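# Fold and contact review
Here are the chains, one letter per residue:
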Amino acid sequence: MRRIKIMIGVLCLIALLNSYLFINNFAFAQAQKEVTLRLIAWGNPTEVKAREATLKRFEELHPNIKVKFIHTPENYLDKLQTMLAAGDAPDVIYIGNGDYRWFADAGQLMSLDSFIKRDKLNLSDVFPMALKIWNYNGKQYGFPADFPNQELFYNVTMFKSAGLPLPSSDWNDSGWTWKRFLEYAQKLTKKDPTGRVVQWGYRVDNSFRGWWVWVSTNGGELFSKDGKRTLIAEPASVGAFQFLQDLIYKYKIAPTMELANTMGGYDMFLGGNLGMTTYWPAIGYMRENIKTFEWDVMPHPFKVRKACAGGGSGHVISSQTKHPEEAWTLVKWLISEECEKIWTETMGIVPPLKSIAYSSAFLKPDLPPKHIMVFVEGAKYLRPDPPHPKFKEVSQLISQDLDYILLNKAPAKEVLKELAKKIDKILQ
Amino acid sequence: MLRQKRIQRRKILIRILIYILLSVGALLVSIPFLWMISTALKPIGEIFAFPPRFIPPHPLWSNFLIALTEYPFGLYLKNTLIVTTISTLGTIISCSTVAFSFARLRWPGRDLLFIAALATMMLPEQVTMIPTFILFRYLGWVNTFLPLIIPAWFARQPFYVFLLRQFFMTIPVELDDAARIDGAGFLDIYLRIIIPMSKPALGIVAILFFQFKWDEFMAPLIYLHDSELFTLALGLRAFSSEYGTQWNLMMAASCVFMLPLIITYYLAQKYYVQGIVFTGLKG
Amino acid sequence: MNKRKKEILAGYLFALPWIIGFILFIAGPMVASVFLSFTNWNLLIPPKWIGFKNYYTLLEEDELVPQALKVTTYYAFTSVPLRVIIGLLLAILLNQDIKLRSFFRTIYYLPSVSSGVAVSILWLWLLNSEFGLINYFLKLIRINGPSWLTDSRYVIPAFVLMSLWGVGGSMLIYLAGLQDIPTEYYEVAEIDGANSIQRFWYIVLPLMSPIIFFNLVTGLIAALQTFTQAFIMTGGGPYNSSLFFVLYLYRQAFTFLKMGYASALAWVLFIYIFLLTLLIIRSSTIWVFYGRH
């Protein structure tokens, strides 16, 4: 009798477990009557706020579509790829302008042309260059979410107390060279009595655009014109990387990567410990968090030619989506004026729509940075992520070997020579 | 007489030495924990203070609250509990039945399969990881808890089978025989003799597996995509991103994360030493 | 059905969960993994058969493979023996008849209970070269602590140090083994005039050798598969000096989606572990002591 009781108990347990799993699946299926889209994106807290605001408004306008935001602040590409490889692709994907082509080639993206034609979508307000960035092999794969470029943010208060005249924020000015920049950085770096640095001149960023701007302003390139080999080991590029290594180890005006990572890239500037830094226009975030000093932007220092990195990110639709129509509705809305207004108001970032870029929604004359036009005028000098189909792979390779340079293991020339060999192999 | 005294004195000296060694060691070992709690109680500004202070002047107990509410920790906790308890149950049931078969029943191929099971302990998880990923993809189980739970119901970890088998083999066969005379079948023997007598061993298995699963990182990393499904191990990393790390909140969350592990150890202390002694890892 | 047949049937039935699991989750994937390793599949576009190319790349061209093996071996062969020695010594100390014994045991055991993600994060903070506690203490005794996780000479020692912190787990196992040694052995030896060192060498060590062997083997297998700490703390850096093999494998699989290549790497790891384990098992016949006399 007891044995039977035990057996019944075990069977009940198994039944319970099964029914739990079943109910889970069932409930999920039920929820499918209204369509739920998944959108994957990264984002700092301000971006998350902007994202949620825009999605909330979208859901108001389209009550039968719910959008689940998969916030991924770290290892973004890894996570995205895992999801795609697992057949668990999100419907709408936020992605950098250099990375999407690889996914397009892998058949993971849906082209938007037929939708654009069918809905006769008017895209005349979008900056033509911004739109072009998302066009690959003749197909429009996505719409830009923004059209920023990375410029130099600087701590005005710190400059003034160091007795440094403020550099011009005019793109036509030719005084802001690498040499001048270095002088300034050295004057801004301060130590305490024990010899520890408490104020840094600049922070070296190891992301792609963080070094791409230096290579570009030195006249360097990543790919040859025919895209068959890399030019990363050419003197122009080597000079740029070596300069970055020197900023940390020779001139000592930039913190080591470890220190920068511990304290947090943004936090150093926000905390008033950093004189200058290259950032994408996270203006909303800065406005919210900087209350104790005056700050502004200026063009990036140049050596051979004026340039800035950027190009922004955009939204694409996964080819695995089960709701292409709803995904299109979302993507269409994300490029609409109303959405971009909300986005720009919160984020302070350069919108891809001309009307908004020149409006007070973006320019906000009463709020810092005073020279916000630097971003709009910088579009002329923008060098976006190289539109090479293998860009994503190549940039992943580079970021792995960047350690050797930025941790001072070897001079830039050696490291880049080896790296170029590896990259060339992929490009074959 | 004198020799006795000398030996006595030596014994005391050695004892004192041992005390000193152990105390110093214990201090060293517990410092990381204390530091973790100390950091958890600091406001952000104080974390980077130099020289570092052990006892924050104004302990921010609220950090614990913030850490638990700023990110959906309750949700992560629920998820982790679901995954851990259901798979622990699965492990206990499946590993004990399999161990029973290896220990008590004779059938062709038994010893060969047992060695195969042991051999798989040597197999790195990574060899099977990718095809298993593809399998779950095919089944559509990605982004659910299933890949984390189901394998446990099939005795995926042979270590526990081994542990239990060794233990079962120490239970006298005479008990089985006596029961069989009373007309008991194999299921009876399993349920009414082996299981009740194996409480310490089963307890150990449950606790070891629970701790292993609570802490599991790679599988949730690969299979759980929507943040609503995240387990604590994944959620813990939410405090650091390219924008910097909130060390104090992260330490606070880590404390909470470790708590169940420490509690289960405490509850299980007597099982632990007892259990391991009996299982005779000498074979 | 006769009794014999009944037993055989029951045998298979009770072992069924494992048998199914073995086919579905172990044997099946193993076979699939072999096939995978001969392709260049990235799960997004249809796979292509490329024969031994993955293995060729792995053995001849990829310099990160020997690097990963070197790093992993260095770590395993430093951490595991140290853990065995310290664990055993600790267990002996804690086996003595002293007050507060169970208090000490708990303290030493706690770190190993809380392993994995939280510990990695904690030690990431402890090892920080500017703000970490370890360098602070070193400074107190006038030593300038290195940048543990960004200096290629110190990164593996940092991981070893971290692993030693959690030695309490195996200590407990040794303790159980020690308690199994009948006290008569010690008494007899003492009567025969053996001092404590001789008692250790001739009684404790031989009787503990099976447990030591077990811990050595399992410890080695686990150490060679280190992943979580490296993933969270260094990501393989600085410049690949903490590129643990499994981390490299994960990267090939999920960062580059080279599933075929990753499968080939997995097999290399397996063969490596297998050979090392075989070596230790072979050597065990010399020094491991079974039986009671």
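Not measured: the values here are computed from a predicted model. (Residues numbered from 1 in each chain as written. Chains lettered and ligands numbered in written order. Predicted model: local features only at pLDDT ≥ 70, side-chain atom pairs only at ≥ 80, totals over all residues. Heavy atoms only, no water.)

This part takes up the overall build of chain A. Helix and strand content of chain A: 20 helices and 14 strands. A compact globule built from 428 residues would reach a C-alpha radius of gyration of about 22 Å, and chain A, at 24 Å, matches this within 12%. Each principal axis of the C-alpha atoms in chain A carries an extent, and together these give about 85 × 60 × 50 Å. Burial analysis of chain A (428 residues in total) assigns 57% to the buried set. For chain A, the share of sequence-separated contacts (at least 6 apart) that also reach a separation of at least 24 residues comes to 76%. (Helix = DSSP H or I, 4+ residues; strand = E, 2+ residues; numbered from the N terminus. Rg over C-alpha atoms; globule rule 2.2 N^0.38 Å. Buried < 20%, exposed > 50% of the residue type's maximum accessible area, 1.4 Å probe, protein only. Contact = heavy atoms within 4.5 Å.)

This paragraph deals with the overall build of chain B. Counting its secondary structure elements, chain B contains 14 helices and two strands. For chain B, the C-alpha atoms occupy an extent of roughly 80 × 75 × 35 Å along the three principal directions. When each of the 283 residues of chain B is scored for burial, the buried share is 56%. Nonlocal contacts in chain B, meaning residues at least 24 apart in sequence, comprise 74% of its contacts between residues at least 6 apart.

A contiguous nonpolar patch, built from B:L34, B:F54, B:I55, C:F137, C:L140, C:I141 and C:I143 and spanning about 680 Å² of accessible area, is present on the exposed surface. Within the secondary structure, C:I141 sits in the loop between α6 (133–140) and α7 (155–165). Residue classification places C:I141 among the exposed residues on the basis of a relative accessible area of 56%. (Patch = residues over 30% accessible without salt bridge, like charges linked within 9 Å, V, L, I, M, F, W, Y side chains within 5 Å. Areas by Shrake-Rupley, 256 points an atom, 1.4 Å probe, with all protein chains shown as cover. Salt bridge = Lys/Arg side-chain N within 4 Å of Asp/Glu carboxyl O.)

Each partner contributes residues to the interface: chain B has 91 residues there, and chain C has 90 residues. Between chain B and chain C the total buried area reaches about 8400 Å² when both faces are included, carbon and sulfur atoms providing 79% of it. Linking chain B to chain C there are one salt bridge. Here B:R106 and C:E7 are joined by a salt bridge, their closest N and O atoms 3.1 Å apart. Our count for the chain B to chain C interface comes out at 12 residue pairs in polar contact (both at pLDDT 80 or more). No other element matches helix α1 (residues 2–40) of chain B, which puts 16 residues into the side of chain B that touches chain C. Taken together, the residues of the side of chain B that touches chain C break down into 67 nonpolar, 14 polar and 10 charged. (Buried area = accessible area lost by both parts, 1.4 Å probe. Polar contact = N/O pair within 3.5 Å; in protein donor to acceptor, adjacent residues only side chain to side chain. Nonpolar A, V, L, I, M, F, W, Y, C, P; charged D, E, K, R; others polar.)

Quick look at the sheet that holds strand β11 (residues 295–298) of chain A now. All names here are of chain A. Reading across from one edge, β8-β9-β10-β7-β11 is the order of the five strands in this open sheet, with mixed pairing throughout. In this open sheet, the two edge strands, each paired with only one partner strand, are β8 (190–191) and β11. In this structure, strand β9 (residues 197–203) lies alongside strand β10 (residues 274–279), joined through three bridges in parallel fashion. What sits directly across from W200, in β10, is L274. (Pairing = 2+ DSSP bridges.)

As a further point, take the environment of A:E59. Note on placement: A:E59 falls in helix α2 (residues 45–61). Residues contacting A:E59, with those up to four places away along its chain left out, are A:I65, A:K66 and A:V67.

Glancing now at the domain arrangement of chain B. When cut into domains, chain B gives domain 1 (2–63) and domain 2 (71–242). One C-alpha centre belongs to domain 1 of chain B, the other to domain 2 of chain B, and the line joining them spans 37 Å. (Domains from an automatic or database assignment.)

Residue and element names in this part refer to chain B. Viewed as axis vectors pointing N to C, helix α8 (residues 158–168) and helix α11 (residues 199–214) meet at an angle of 165°, and their least axial separation amounts to 10 Å. In terms of orientation, α8 and α11 fall into the roughly antiparallel class. Crossing hand, α8 versus α11: right-handed. Between α8 and α11, the residues in contact are F159, Y160, L163, L164 and F167 and A201, L202, I204, V205, L208, F209 and F212, respectively. Looking at the contact of α8 with α11 residue by residue, the class counts come to 12 nonpolar, no polar and no charged. (Axes fitted to C-alpha atoms, helices over the stretch in contact; angles between N-to-C directions. Parallel < 35°, antiparallel > 145°, perpendicular 65-115°, else oblique. Left-handed = near helix turned anticlockwise from the far one by under 90°.)

Tracing the backbone through its elements, the reader meets B:D226 in the loop between α12 (218–223) and α13 (232–235). A polar contact of 2.8 Å, which involves the side chain of B:D226, links it to the side chain of A:R38.

Turning our eyes to something else, we now look at the sheet that holds strand β3 (residues 92–96) of chain A. Paired through their backbone hydrogen bonds, the strands of a sheet run either parallel or antiparallel. Residue and element names in this part refer to chain A. If you trace the five strands from one edge of the open sheet to the other, you get β2-β1-β3-β13-β6, paired in mixed fashion. Edge positions in the sheet fall to β2 (65–71) and β6 (142–144), since each has one partner strand and no second. Between one strand axis and the next, the sheet turns through 25° on average, direction left out of account. Summarising the sheet, β6 and strand β13 (residues 313–317) pair through three bridges and their orientation is antiparallel. If you follow P144 over to β13, its bridge partner there is G314.

Here the focus is the pairing of β10(A). All names here are of chain A. Among the six residues in β10, six count as buried, and that is most of the element. Examined bridge by bridge, strand β7 (residues 151–155) and β10 share four bridges and lie antiparallel to one another. Its bridge partner lying in β10, Y154 is registered against M276.

Along an α-helix, residues three or four apart share an orientation, since each turn contains 3.6 residues. All names here are of chain C. The element helix α12 (residues 245–255) is extensively covered by neighbouring structure, given that 11 of its 11 residues are classed as buried. Among all positions in α12, only F245, V246, L247, Y248, L249, Y250, R251, Q252, A253, F254 and T255 are buried. L257 sits one or two residues past α12 and shows a positive phi near 55°.

Scanning the model with the defined rule gives 73 aromatic pairs over all chains in all. Taking 4.9 Å as the distance between ring centres and 65° as the angle between the ring planes, the aromatic pair formed by B:F100 and C:F14 counts as edge-to-face. Of this pair, B:F100 sits in helix α4 (residues 73–104) while C:F14 sits in helix α1 (residues 3–36), which puts the two residues in different chains. By way of ring pairs, the aromatic residues B:F133, B:F136, B:W141, B:F154, B:F217, B:Y223, C:F25, C:F227, C:F231, C:Y250 and C:F254 are connected into one cluster. (Phe/Tyr/Trp six-rings, centres within 6.5 Å; stacked < 30°, edge-to-face > 60°.)

Before going further, it helps to spend a moment on the confidence of the model for chain B. All names here are of chain B. Summary statistics for chain B give a mean pLDDT of 83 and a share of 92% for residues scoring 70 or more. Taken element by element, the predicted model of chain B shows its lowest mean pLDDT in strand β1 (residues 240–241) (63) and its highest in helix α7 (residues 146–149) (94). Complex prediction metrics read pTM 0.83 and ipTM 0.80. (pLDDT = per-residue confidence, 0-100.)

Let us now look at the pattern of salt bridges. Summed over all chains, the structure comprises 26 salt bridges over all chains. Notably, a salt bridge pairs A:D88 with A:R38, separated by 2.9 Å at the nearest N-O pair. Note that A:D88 is positioned in the loop between α3 (76–85) and β3 and A:R38 in strand β1 (residues 35–41), a separation of 50 residues in sequence. By relative accessible area, A:D88 is classed as buried at 12%. For the salt bridge of A:E345 with A:K364, the shortest nitrogen-to-oxygen distance reads 2.8 Å. Of this pair, A:E345 sits in helix α15 (residues 337–347) while A:K364 sits in the loop between α17 (360–363) and α18 (373–378), and the two are 19 residues apart along the sequence. Judged by its relative accessible area of 38%, A:E345 is partly exposed. Its relative accessible area of 16% is what places A:K364 among the buried residues. What you see here is one network of salt bridges that share partners, running through A:R38, A:K68, A:D88, B:D226 and B:E228.

To continue, consider the pairing of β11(A). Residues and elements named next belong to chain A. Where burial is concerned, the two faces of β11 agree: the one with W295 and V297 and the one with D296 and M298 are both buried. One ladder, built from four bridges, connects β7 with β11; its direction is antiparallel. In the sheet register, L152 faces β11, and the bridge partner there is M298.

Looking now at the packing of helix α9 (residues 173–181) of chain B against helix α10 (residues 186–197) of chain B. All names here are of chain B. At their nearest, the axes of α9 and α10 sit 10 Å apart, and the two run at 140° to each other. By the criterion of interaxial angle, the relationship of α9 to α10 is oblique. As α9 runs across α10, the sense of the crossing is right-handed. Side by side, α9 and α10 meet where L175, D176, A179 and R180 of the first sit next to F186, I189, I193 and M197 of the second. Classifying every residue of the contact of α9 with α10 by side-chain character gives six nonpolar, no polar and two charged.

Another point: the side chain of C:S263. Among the secondary structure elements, C:S263 is positioned in helix α13 (residues 259–287). With near-sequence residues (within four places) excluded, C:S263 lies in contact with B:I130, C:S33, C:L36 and C:S37.

The general pattern is negative phi for most residues beyond glycine and trans for most peptide bonds. Residue and element names in this part refer to chain A. Omega for the peptide link from P368 to P369 comes to -5°, which places this bond in the cis form. In this structure, K252 is a non-glycine residue whose phi angle is positive, near 55°. Within the element layout of this structure, K252 appears in the loop between α10 (235–249) and α11 (257–263).

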